[in-house]
Amino acid sequence: MIKLLSRSAVLMAGVAAGTCAVAGERPLAVYNQGALARAFELPVLGETQVLGLADSITDLRYDLTTEYHASGDAGESVILDGESNLLTFAFRRGIGRDLELTFDLPLLYQGGGFMDKPVENWHSAFGLPNGGREDAPRDRYLYEYQRDGQVLLDEHRSGADLGDLRIGFGWQALDGLALRSEVKFPTGSESHLSGGNSGVAVYGDYALPFPDDSIFSGFLSAGGSYNGKTKYLGDMQNRFVPFGSAGLAVRLIDSLSLLAQLYGSGALYDGDLDPFREALQFSLGLRYHVGPAFDLDFGFQEDPITSSSPDFSIHLGLSWRGRS
């Protein structure tokens, strides 16, 4: 994962070589949507510009995610099978002195869903593996982990929960470089895998230096988070997790942009099975610029490292800018 992310970063930096001005398209607000990843502070990366005093951006996001993985033997086994609907209200506001305040409030509904067959068809159309999804019960909700005869995780209750509230600060350290911190508060439910533990992240977002009149823009981001122990799998949890991202955007026409991103992290848990290793997500999306103040996003997310994160997510976003 680290090698792949590094190669992508080098490629994007190479495309930008020789240029000197900062251009910016906001990133797709995507990250690891796995149920076991909600116990970790993994922020949205790529916001390279801090807002000016009294400027604001409000986002309303919807992420539909389906994941399936089953592996192991009599000594150790894991099943991750479910679907989540995540609605996030996010707000950014400039507070002066090159500083901004950010706020994310997620609402989550988890269950068996309906996406198993459509995802199998999607994977078949592009020659991608299903990872055994086609042999599992349809539209099931079950998260289970067993080791040495002990059941360490058994979650099969569908329903709605509040996720973990996130509050952050950004500082425009240099033109095109924003340094950020974010705190995750335990407002979710550990028992229902919607978070419920605290975490803090420190990271930087750097804008690739394309010229002002370029149709391209992009970013590189890197940082790490420290996370409180969880009720389930706490003894396996890696408290410190490094993460990074790279993104490239192309303005196809005045009102339409294409965005491609990679988001990787170190292993979230200390274990030998696939869901516990390093994770990498690839996202591809379109942004429709409705007007000077409104954008609409549509994208999807896949897992280049199979089973390290959910195998398919759909992302929808609406953002609008204001000043007061």
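An account of the accompanying structure is given in this report. (Residues numbered from 1 in each chain as written. Predicted model: local features only at pLDDT ≥ 70, side-chain atom pairs only at ≥ 80, totals over all residues. Heavy atoms only, no water.)

**Examining the packing of aromatic side chains**
Overall, the coordinates contain 8 aromatic pairs when judged by the stated rule. The interplanar angle of 90° and the centroid separation of 5.4 Å between the aromatic rings of Tyr145 and Phe276 together place this pair among those described as edge-to-face. With Tyr145 in strand E4 (residues 142–147) and Phe276 in the loop between strand E12 (256–265) and strand E13 (279–289), the pair connects residues that are 131 residues apart, well separated along the chain. For the pair shown, Tyr145 and Phe276 are each scored as buried. Grouped by ring-pair contacts, the aromatic residues Phe40, Tyr145, Tyr269 and Phe276 constitute a single cluster. (Phe/Tyr/Trp six-rings, centres within 6.5 Å; stacked < 30°, edge-to-face > 60°. Helix = DSSP H or I, 4+ residues; strand = E, 2+ residues; numbered from the N terminus. Buried < 20%, exposed > 50% of the residue type's maximum accessible area, 1.4 Å probe, protein only.)

**Observations regarding the pattern of salt bridges**
Enumeration according to the criterion identifies 19 salt bridges in this entry. The partner of Lys229 in a salt bridge is Asp235, with the nearest N and O atoms 3.3 Å apart. The network of salt bridges with common partners includes Arg26, Glu47, Asp59, Arg61, Arg92, Glu100, Asp104, Arg180 and Asp205. (Salt bridge = Lys/Arg side-chain N within 4 Å of Asp/Glu carboxyl O.)

**Focus on the environment of Phe169**
Within the fold, Phe169 resides in strand E7 (residues 166–174). Using a relative accessible area of 45% as the deciding quantity, one classes Phe169 as partly exposed. For the pair Phe169 and Gly94, spaced 75 residues apart in the sequence, the C-alpha separation amounts to 9.7 Å. Residues in contact with Phe169, not counting those within four places in the same chain, are Ile95, Glu100, Leu101, Thr102, Leu179, Arg180 and Ser181. (Contact = heavy atoms within 4.5 Å.)

**Quick look at the environment of Pro292**
Structurally, Pro292 can be placed in the loop between E13 and strand E14 (294–302). Owing to a relative accessible area of 83%, Pro292 belongs among the exposed residues under this scheme. For the pair Pro292 and Ser255, spaced 37 residues apart in sequence, the C-alpha separation works out to 9.9 Å.

**Let's talk about empty space enclosed by the protein**
Inspection of every chain in the model, using the stated rule, returns 5 cavities of 30 Å³ or more. When its volume is computed, the largest cavity comes out at roughly 210 Å³. Forming the walls of the largest cavity are 19 residues, and the residues nearest its centre are Val44, Glu47, Arg92, Thr102 and Glu182. For the lining of the largest cavity, the elements supplying multiple residues, two or more each, are strand E1 (55–72), strand E2 (76–96), strand E3 (99–111), E7 and strand E8 (177–184). The computed volume of the second largest cavity comes to approximately 170 Å³. Together, 15 residues line the second largest cavity, and Tyr31, Arg38, Leu86, Pro106 and Arg166 are the ones closest to its centre. Tallied by class, residues from the lining of the second largest cavity come to 7 nonpolar, 5 polar and 3 charged. (1 Å grid on protein atoms, 1.4 Å probe; cavity = no way out; pocket = protein on both sides within 12 Å on 5 of 7 lines; lining within 4 Å. Points joined across faces, edges and corners; volume = space filled by probe spheres on them. Nonpolar A, V, L, I, M, F, W, Y, C, P; charged D, E, K, R; others polar.)

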